[in-house]
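The primary structure of each chain is shown beneath.
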Amino acid sequence: MNCFQSLEVAMVRKQVLRLVSYPIWLGLTPSRLRQELRERPRNLRDRIEAIQLKDKQMAANSTSTQPTLFTERTFLPGLVSEFLDLVANTHPSTLPDAHKPFEVPFVRYAERFIELLVDLLAQLPTRRYLRVFLEDKHVITRCRATPLAHSPQGKLFNQLLNRFQFYQRFEIDDQEGTALTQDDIALIQAEKVQLLQRTAFKHFQPELNELALSNISAVEDRDKLSRHLARMQPDRLRDLCVKLQLLPEPVGDEPANSPDFMIEAIVSCYERRLSQVEEANRMSLYPDEHTLWDENTVPSTQFYTGDKVLALPKLNLQFLTFHDYLLRNFELFRLESMFEIRSDVEDMIKRMKPLYDETAVTGDRTSFEGWSRMALNIKGSTILHVSPPLLGETVPAQVVAEIQYSLYNTRGVMRDEWEAIRQHDVVFMLTVKASIPKGNYNDPKKNGQENGNGKKRGAPDGKGKSKKDEAPFQEQWGIISLRGAEVVEIADEHNHVLKDVEMDIEGKRRAGNKRLMRVRLDPAQYYKDTVSSGVGVGFHSGPDGNLVRNDEGEWHWGKGDKEQDTKPKDKVPTPPVYKTFNILLRRKPKENNFKAVLQTIRELMNSRTVVPPWIHDIFLGYGDPEEARRSVGITPTIDFVDTFVSYEHLQACFPGKKIILEGDAATVAPPFRITFVGDADDDNASEHTLRVNPYSNINMGPYPMDKPKANHVPFTPVQIEAIRSGVNPGLTMVVGPPGTGKTDVAVQIISNLYHTFPNQRTLLVTHSNQALNQLFEKIMALDIDERHLLRLGHGETELETDKDFSKVGRVNYMLDLRLRNLAEVERLARSLNVPGDVGYTCETAAHFNLFHVIARWEVFQSRCNQTAASGPPPPTFIAENFPFTEFFSNAPQPLFGGADYASDAEVAHGCFRHLAKMFTELEECRAFELLRTTHDRANYLLTKQAKIIAMTCTHAALKRGDLVSLGFKYDTLLMEEAAQILEIETFIPMLLQDADEKDGSRLKRCVLIGDHHQLPPVVKNIAFQKYSHLDQSLFARFIRLGVPHIQLDKQGRARESIADLYRWRYTNLGNLPGVLAQDYRQANPGFAYDYQLVDVPDYEGQGESEPSSFFYQNLGEAEYVVLIYMYMRLIGYPAERISIITTYNGQKALIRDVVEQRCARNPMFGRPHKISTVDRFQGQQNDYILLSLVRTSNVGHLRDVRRLVVALSRARLGLYVFCRRSLFENCYELTNAFGQFSQRPDKLMLVKHEQFPSATNPAFQRGVGDAPPEVFEVQDIKHMSTVVYQSPEVIAATTDNTQDTQMPDKDKGPE
């Protein structure tokens, strides 16, 4: 199974593909083989016939041995045959206990075999010939007829069969690999049904006469077709199957197939199947009580060990079509969201403590003794409106309900959070029926849940079950139903709709406590509930808008009977499940955007998905990986703008190349245009000749702000190669190890595209707001006009600048720019003595420019030309005749030197360019005068003016529909942190624009920058990580597929010794010259080593602890880390240069508690720059890192080497790791790093009488290699505590206030 999923390995691919190649068709029935060969190319028929001829010759020669080819072509057919015989003939035990389950190994084998077949059908190379074979053997039909499939123990087996059936019927041409359109599918279905009808009409009269004369829709219906076939005798059924080539001719005494099997074989072949899109559209976006606690689809993390098959899709290297890709991601993203929702629901239920109130006389006897800030009691629920389905649909178009709840018991922040619920937020309604008697509460997870008779639920005779056999959470806590909904509006007790802007007006909260929340339910789920509950009542939509039952018991939309027609029209079909809700649950906004993302994916499945042709095949996992670059070609001439800091830098970046310089090497300076002479499609730099053309920046005006900003980063040769590749069209992949300047490369690519292609637009996408803000801060330092920058989302508030790059901020900037430029126009008019209010609007300014500014400039140019034609002009000619001298009187003087006519003429042109730019900006501001609302102005800015648009991948997924509807367009996609982004979140940003009808996708280049050796995307459910590979990023998949990439090879973040701790993970990772600067050569004051592992034994007799599931803590390490931080602060280390990171959230919370108790209120210590987890700290760095590894019983998730690389690569100057040495150094995966730690003492080595250098104490001079003067060894935590608390600074401080710094009592942990 693993081999078939590793087709990227050439040796594996060569061997395993032989097992699923065309020779397996020799196992087909003769009639089916003839049919398939008639539809295939002639060469395939010739190959099959050649094999058949060779088999006959070998059969005649009895001494010949079977060749390898015979074994290969019979391997899988033999396995399938053995499997079918086994599952068909294996029955439950024949002992008196008739309900004894099947043997577990047999069940696991059956499930695993179906999983193998699903994997084979889900990849085109293994599917191409195997699908026909499996269809011919009726594997699905035979499996559904087995005893296991009809046993309760076969639930997972049946779920896997459903997935097997899905891929068996997948809408793709197996030979060509192209997706079938809806028209193709309809045509194929019609041809099949016509074949059935012709066969029935010709050979099976009169029993199938009605079927032969029926219309197609009647024949392809499963129930109706089954009824037709049920009238036939078994022998006639067998003949029909033979005629339809579904079964072979009977031979001898071969046992006959059962009628049920033959009927199912015919029906499954000729019934109409829902298309992929129809199935996705019918799938509810919200979970319900059944799917949420189904362990086969949403497994619990703590019980998944990796040895069980799951009914889940997998993200492998290859996908059949883009619909297949979207469907797999849709389902996995939906299930991952369900897992997170389930965790929130379970946490809320435990906090609410539902109990059975026996004293209640009427109504719901469930009371809630606890409380949760995320949940409130529902006072009542009502279905308000159900709209009839759209044309061709079966489910209602819209279902609106009203939920009543009260905020009476909410206060402060909790009330504000409930009042902050807005339109389109998602909430959940639950029905909980408790069975624990009030006053006898026991946590069911600990003691077992008791029912009203004093017995534990699910346990006979009051005896409890083991943890392994205990009832599911849903049953333990009495969760009857769960439904999701989208908020439409919220009204107060007077039915006045509350707007978001009404919140906290003048510091006053909304009046009253009663709230009416109108929500939009999921129509598919509502339709399912309505049908299953037997509700069929008329409603608002008129005589044809009723959900009624016909004579055959089927529900449909129609008029209904007379009794129903006479019912009041104000009644709405309300299934019982919607009348009993008693809990309203909300979730944190950042964690509750799953519905919008799922809607986006479903919209993509329903739309025409157009991917650039140069990435199409590679995206699906096929074709030549080089095609993403070769098919679009390489630009021969590139304007590198300010990429190079000097000509010498340019020479150093192209070693071994022949450089032809147009100019004098002694005087040339950047910027440069470079032409790569030779084979433009050959990316081998050593075979190119470079033609370097230096040019001067255009004089844009006399003011300092007119001078262009320049890059000052001396890029390495590999970085230059990445920049060049990023400017070229096609796919560029850059692997950036820690500290190698990924962000600088990305920013320079953006700058070069901005200047080289001024009419193109760039979309910048990252995983986190922090990474996006880092990019934006560096973009602003380059020569990019800020009016062309736009930042979407809510993270712009974290930018370290006073400028607002959000849509509203950019609109305000443009309005302010308009006012400033209009004021300049007024000043220009006064300098030219032009009367009138020319600076009133952008339109009046444009007229002034045309009739007064341009006219004067043209007259001035004419004079210059005439004077130059009659002879050399005098040096003072420009200064005497320039028409705008008075306007530029506020520029640095003298404006014109008067010594040289040519230089003065260039200054004059620069001044005019300054004026032209001013009027160009006003022309761009003109739209903001015409558009009156901020919303319209912001949309205009997004779609027309901004050239560099930045957003997170989450924002792109949430807002794709809005962006497409606005006509958003872009030419370049650049993604930073690409290795941390989910597959689907990488794919969606490629499709934020509609395709052009003629040219297809407008996207010209895609730049992916990341590091697959660091942490992958965050997936909380370990089963989805390990089994379904949901944490696979598109970046990592492309690397596995062999797509060419550029790996940056010089790091400039950490000391050389610290970089050695993770250098082994990368190929040829060197150091930048910057790591030899003074900061890197100087030792860490007070420490004997620049990095060290500190062994932390049990503290107070305890190592790690787990207050709740996966919430690991280690008090000893927390105390030690905080003491080291206090020590560093005492000897002068700045707090902002120290960060504390750990591998678990529980330890992070514990360290924060210790810091708050010991340091936060004491100005001598304060808080460190960051206290975070390793995962959250990825992409960040600091000078000094204190790392706590927490675990003492097992290594935990640090066994993932990618997490280790992140943890060790965050420090620049000092890294101090606190852990249980014996545990981590014996872990094989960590050997390369911990082997270096073991070469140094595992007791913390400190140096006496050293202070951190500062302005008042700059005397520290010890280098990294110098022997420290007075070293002492810290024995343990208590020793370190003595060092800190007996320091003169602390003793002096405790004289005034001892409370803030004293150690806690022995038995008292941090608060």
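That block above? That's the structure.
Presented here is a report on the structure given in the accompanying data block. Throughout this document, residue positions are counted from 1 along each chain, in the order its sequence is written. Local features in this predicted model are restricted to residues of pLDDT 70 or higher, and side-chain atom pairs are both shown and tallied only at a pLDDT of 80 or more, whereas totals for entire chains, interfaces and linings draw on every residue. Only heavy atoms go into the side-chain values, all of them from the structure, while hydrogens and water stay out.

### Description of helix 15 (residues 259–270)
Argument step 1. For the purposes of this entry, the term helix denotes a DSSP run of H or I that reaches at least four residues, the term strand denotes a run of E that reaches at least two, and both are numbered from the N terminus. Each helix should span, by expectation, one fewer than its residue count multiplied by 1.5 Å. Between its first and last C-alpha, helix 15 extends 17 Å over 12 residues, near the 16 Å set by a 1.5 Å rise per residue.
Argument step 2. Residue exposure (1.4 Å probe, protein chains only): buried if accessible area is under 20% of the type maximum, exposed if over 50%, otherwise partly exposed. In terms of residue burial, helix 15 counts as a mostly covered element, since nine of its 12 residues are buried.
Argument step 3. Along helix 15, the residues classified as buried are Phe261, Met262, Ile263, Ala265, Ile266, Val267, Ser268, Cys269 and Tyr270.

### Things to note about the nonpolar core
Argument step 1. Here the nonpolar core consists of buried residues drawn from Ala, Val, Leu, Ile, Met, Phe, Trp, Tyr and Cys, with membership extended through side-chain atoms lying within 4.5 Å. By size, the foremost hydrophobic cluster in this structure holds 193 residues, and its most contacted members are Leu430 and Phe1038.
Argument step 2. Residues are treated as being in contact if the distance between any of their heavy atoms lies within 4.5 Å. Apart from the residues within four sequence positions on either side, Phe1038 is in contact with Ile615, Ile618, Phe619, Leu731, Met733, Leu1008 and Val1043.
Argument step 3. Among the nonpolar cores identified, the runner-up in size contains 45 residues, and Phe644, Phe654, Ile723 and Val745 belong to it.

### Observations regarding the packing of aromatic side chains
Argument step 1. Pairing of aromatic side chains requires ring centres within 6.5 Å, counting the rings of Phe and Tyr and the six-membered ring of Trp. Pairs whose planes differ by under 30 degrees are stacked, by over 60 edge-to-face, and all others tilted. Tallying each qualifying case throughout the model produces 52 aromatic pairs.
Argument step 2. Between Trp293 and Phe473, the aromatic rings sit 6.3 Å apart at their centres with planes inclined by 10°, giving stacked as the arrangement. Of this pair, Trp293 sits in the loop between helix 17 (289–292) and helix 18 (322–352) while Phe473 is found in helix 21 (residues 473–476), placing the two residues 180 residues apart along the sequence.
Argument step 3. Judged by centre distance (5.3 Å) and plane angle (80°), the rings of Phe776 and Phe805 are edge-to-face. Within this pair, whereas Phe776 is found in helix 30 (residues 769–779), its partner Phe805 is found in the loop between strand 18 (789–791) and helix 31 (807–831), the two being separated by 29 residues in sequence.
Argument step 4. The exposure class assigned to Phe776 is buried, which follows from its relative accessible area of 0%.
Argument step 5. Among the residues examined, Phe805 registers a relative accessible area of 1% and is labelled buried.
Argument step 6. Here the aromatic residues Tyr703, Trp857, Phe860, Phe882, Phe884, Phe887, Phe888, Phe896 and Phe912 are joined through ring pairs into a cluster of three or more.
Argument step 7. Two limits define a charge over a ring: the Lys NZ or Arg CZ must be within 6 Å of the ring centre, and within 35 degrees of the ring normal. Here Arg810 stacks its cationic end above the ring of Tyr813, 4.5 Å away from the centre of that ring.

### Digging into the packing of helix 14 (residues 234–243) against helix 15
Between two packed helices, both the angle of their axes relative to each other and the distance between the axes serve to describe the pair.
Argument step 1. Angles here are taken between N-to-C directions and fall from 0 to 180 degrees, while the axes themselves are lines fitted to C-alpha atoms, restricted in helices to the stretch in contact. Taken N-terminus to C-terminus, the directions of helix 14 and helix 15 make an angle of 35°; their axes are 10 Å apart at the nearest point. For the element pair helix 14 and helix 15, the recorded crossing hand is left-handed. Judged by residue contacts, Pro234, Leu237, Arg238, Leu240 and Cys241 of helix 14 engage Pro259, Met262, Ile263 and Ile266 from helix 15.
Argument step 2. Gly is placed with the polar residues, together with every amino acid not listed as nonpolar (Ala, Val, Leu, Ile, Met, Phe, Trp, Tyr, Cys and Pro) or charged (Asp, Glu, Lys and Arg). For the contact of helix 14 with helix 15, the per-class residue count stands at eight nonpolar, no polar and one charged. By definition, any crossing whose near helix is turned counterclockwise from its far helix by less than a right angle is left-handed, and any crossing with a clockwise turn is right-handed.

### Considering the pattern of salt bridges
Argument step 1. Any carboxyl oxygen of Asp or Glu that lies within 4 Å of a side-chain nitrogen of Lys or Arg is treated as forming a salt bridge with it. Applying the stated criterion to the full structure yields 63 salt bridges.
Argument step 2. Linking Arg373 and Glu417 is a salt bridge whose minimum nitrogen-to-oxygen distance equals 2.6 Å. Of this pair, Arg373 sits in the loop between strand 2 (366–368) and strand 3 (375–387) while Glu417 is found in helix 19 (residues 412–419), placing the two residues 44 residues apart along the sequence.
Argument step 3. Judged by its relative accessible area of 37%, Arg373 falls in the partly exposed class.
Argument step 4. Overall, the relative accessible area of 26% leaves Glu417 in the partly exposed class.
Argument step 5. Here Arg518 ties to Glu489 by a salt bridge, and the two come within 3.0 Å at their closest N and O atoms. In this pair, Arg518 is assigned in strand 8 (residues 514–521) and Glu489 in strand 6 (residues 479–492), connecting sequence segments 29 residues apart.
Argument step 6. On the accessibility criterion, Arg518 (11% relative accessible area) is buried.
Argument step 7. Salt bridges linked by common partners bring Arg32, Glu36, Arg40, Arg127, Arg131, Glu135 and Asp174 together as one network.

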